[in-house]
Every structure is written in C-alpha cells, then in structure tokens.
Amino acid sequence: MTVLRVRGFEIHKGLLDVSAQEALVDAIRGVVSVAPLFQPDTPYGKPMSVRMSAAGTYGWFSDRKGYRYVRAHPNGRPWPAIPDNVLAIWDQVTGLERRPECCLINYYSDGARMGLHQDRDEADFKWPVVSVSLGDEGLFRIGNTTKGGKTESIWLQSGDVVVMGGAARLTYHGVDRIKAGSSTLLPKGGRINLTLRVVE
Ligand code: SIN
Ligand code: FE2
C-alpha cells in the first residue's frame, strides 16, 4: 500500500483488499435496497449521468432549487445508517474523533462522468472529505482551489481511498470517464464511489 500525494490529495492506493471491497459492496447493497439509486437533476435542469443514494443523517441532493443536504430520500424515508465497515475507513485514514454524517453513494455506469467541482455544501471545511472507489477504474481529475488552470489526472482503482482535506479541501475535482470491464467486483460492471462528509 502506498500513499500518493497529488496537489494535496492523499491517495491511499490499494488500501482495501478484495474481501474488504466485497464486504463494502454487500453493505452498500443493503443501503440501496432501502434507499434506491436515483438520478438527480442539476440546478440547470439536466439529469446528472451519475446515479446516487446516501446513508447517514444527511444525503446530498440536487434539483432545480440547487445543491443541498436533505434528511430523507426522495421516497420520503430517512436514509439508512452508514455501515460500520465504511465508518472504519474514515477512522483509519483521518484518525478523527468526529465522524461523517453523510455517505454519498455515486454509481457510474459506462458513460457516466462528473464535471469538475468543489465540495462546498458542508458547514465547515476544516473536516476532510474521504472518497472510496469500488469496481471499474475511474479517471479522476484534480485541478486547483480556484476555477481553471492546469489539472492532473490519475486512474482510481477499486480499493483506493482518497482524503481531500487541509489546504486541498476546496480543490476542484471530477471524474472524466470509467474504464468499462476493468474490474470484476461488480457483477454488472460500473463504478461505485462513496464520499464521506461531515455536514453540520
Ligand atoms: C465526488 O467528487 O463526489 C466523486 C468523486 C469520485 O467519484 O471519485
Ligand atoms: Fe466531489
């Protein structure tokens, strides 16, 4: 296991072994059986290509009214609890007492992408955001703390964990594409990304 530092992001390559990845997929299956994946609209009215759900007190949501955290799934039910094996990753890589209140689940099928953005809907940027990659590889692009400028890209593989914190907490990032068929973890293919966030 190696830790790469790219523009202040800490990339724990291969932190999770295959059995840990399988256990996470099982746990996420449990979450999405209660809180099914849905396709949010951007504030501009176009559906996002990524499908989403969440666990925890809050889920992230988007529609024509904007980006925000909400306490219930669009079906009206509260989000399920964040699975323990997901929280354990946060504990391991952050060493913080404070725990996240949101585990956003992003599912990328072949062709899905996420444009460069900052994560800035949280109340306090002193807390990091932790991202966990499962399934097919995703080409992760890292920019700057302000819009524009040069970017660097790195393939995130199943079992990689990224800590976006400190001076890089507001660094622009996104996913340009998925490499279909690059992992056998998910029977139907695609990529799951979990992001853990302290919201309040
Ligand atoms: C995100 O920025 O919310 C997702 C990042 C990723 O899919 O790796
Ligand atoms: Fe993000």
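Presented here is an overview of the structure given in this document.

Conventions and cut-offs
Think of each chain on its own: its residues are numbered from 1, step by step along the sequence as written. Chain labels run from A onward and ligand labels from 1 onward, assigned in the order the entries are written. The predicted origin of the model limits local features to residues at a pLDDT of at least 70 and limits the giving and counting of side-chain atom pairs to 80 or more, whereas totals for whole chains, interfaces and linings rest on all residues. Hydrogens and water molecules were not included; the side-chain quantities draw on all heavy atoms of the structure. Classification of ring pairs uses Phe, Tyr and Trp, with its six-membered ring standing for Trp, and accepts pairs whose centres are within 6.5 Å; under 30 degrees between planes counts as stacked, over 60 as edge-to-face, and the remaining range as tilted. Elements are defined by DSSP. Helices are runs of H or I of four residues or more, strands are runs of E of two residues or more, and each kind is numbered from the N terminus. Categorising residues by exposure relies on relative accessible area from a 1.4 Å probe, with only protein chains included: less than 20% of the type maximum marks a residue as buried, more than 50% marks it as exposed, and the intermediate range marks it as partly exposed. Either the NZ atom of lysine or the CZ atom of arginine qualifies as a charge over a ring when it sits within 6 Å of the ring centre and within 35 degrees of the ring normal. For this purpose, a residue is taken to be near a molecule or strand whenever a single non-hydrogen atom of the residue falls within 4 Å of it. In the analysis that follows, any N or O atom pair within 3.5 Å is treated as a polar contact, provided that within protein one partner can donate a hydrogen and the other can accept it, and provided that, for residues neighboring in sequence, both atoms belong to side chains. Using a 1.4 Å probe, accessible areas were evaluated by the Shrake-Rupley method; residue-level cover was limited to the displayed protein chains. Nitrogen, oxygen and sulfur within 2.8 Å of a metal are treated as its donors, or within 3.2 Å for sodium, potassium and calcium (Na, K, Ca); water is not counted, so a site can appear incomplete. Site shape is set this way: if four donors have all angles between 85 and 135 degrees, tetrahedral; if opposite donors are over 155 degrees apart and all others between 65 and 115, square planar for four donors and octahedral for six; otherwise irregular. The reported arc concerns the directions from the helix axis to the C-beta atoms and nothing else. We call two residues in contact when some of their heavy atoms are within 4.5 Å.

### Brief notes about the packing of aromatic side chains
So, step 1. Tallied over the full model, the rule gives five aromatic pairs.
So, step 2. Between Phe38 and Phe61, the aromatic rings sit 5.9 Å apart at their centres with planes inclined by 40 degrees, giving tilted as the arrangement. Remark: Phe61 occurs in strand E4 (residues 59-63) and Phe38 occurs in the loop between helix H1 (18-34) and strand E3 (51-56); sequence separation between them is 23 residues.
So, step 3. Under the relative-accessibility criterion, Phe61 is labelled buried at 17%.
So, step 4. Grouping aromatic residues by their ring pairs yields a cluster made of Phe38, Phe61 and Trp79.
So, step 5. Between Lys179 and the ring centre of Trp155, over which it is positioned, the NZ or CZ distance is 4.4 Å.
So, step 6. Taking the ring centre of Tyr108 as reference, the NZ or CZ of Arg191 above it sits at 5.0 Å.

### Regarding the site of ligand 1
So, step 1. For ligand 1, the full set of nearby residues is Asn106, Tyr108, Met114, His117, Phe140, His173, Val175, Arg191, Asn193 and Arg197.
So, step 2. Between ligand 1 and Arg191, the relevant distance is 2.8 Å, taken from an oxygen atom to a side-chain nitrogen or oxygen of the residue.
So, step 3. For ligand 1, the protein covers 99% of the area, taking 260 Å² as the surface of the free molecule.
So, step 4. In terms of residues, the shell around ligand 1 owes the most to one element, strand E13 (residues 191-197), which gives three residues.

### So, the coordination of the iron ion (ligand 2)
So, step 1. Protein-derived ligands of the iron ion (ligand 2) are His117 (NE2), Asp119 (OD) and His173 (NE2), with the metal-ligand distances lying across 2.1 to 2.3 Å.
So, step 2. In this structure, the iron ion (ligand 2) is coordinated by four donor atoms arranged in irregular fashion, with angles at the metal of 85 to 169 degrees.
So, step 3. Of note, the iron ion (ligand 2) draws all its donor residues from one chain, in the sequence arrangement H-x1-D-x53-H. In this pair, His117 sits in strand E7 (residues 114-117) while His173 sits in strand E12 (residues 173-179), placing the two residues 56 residues apart along the sequence.
So, step 4. What makes His117 partly exposed here is its relative accessible area of 21%.

### Comments concerning helix H2 (residues 84-94)
So, step 1. Turning to H2, its buried residues are Val86, Leu87, Ile89, Trp90, Val93 and Thr94. Seen end-on, H2 carries its buried residues on one side only, within an arc spanning 150 degrees. In H2, the exposed positions angled more than 90 degrees off the buried face are occupied by Asp84 and Gln92.
So, step 2. Packed against the buried residues of H2 are strand E2 (9-13), H1, strand E6 (102-108), strand E8 (129-135), strand E11 (161-164) and E13.
So, step 3. Among the residues trailing H2, Gly95 stands out with phi positive, at a value near 65 degrees.

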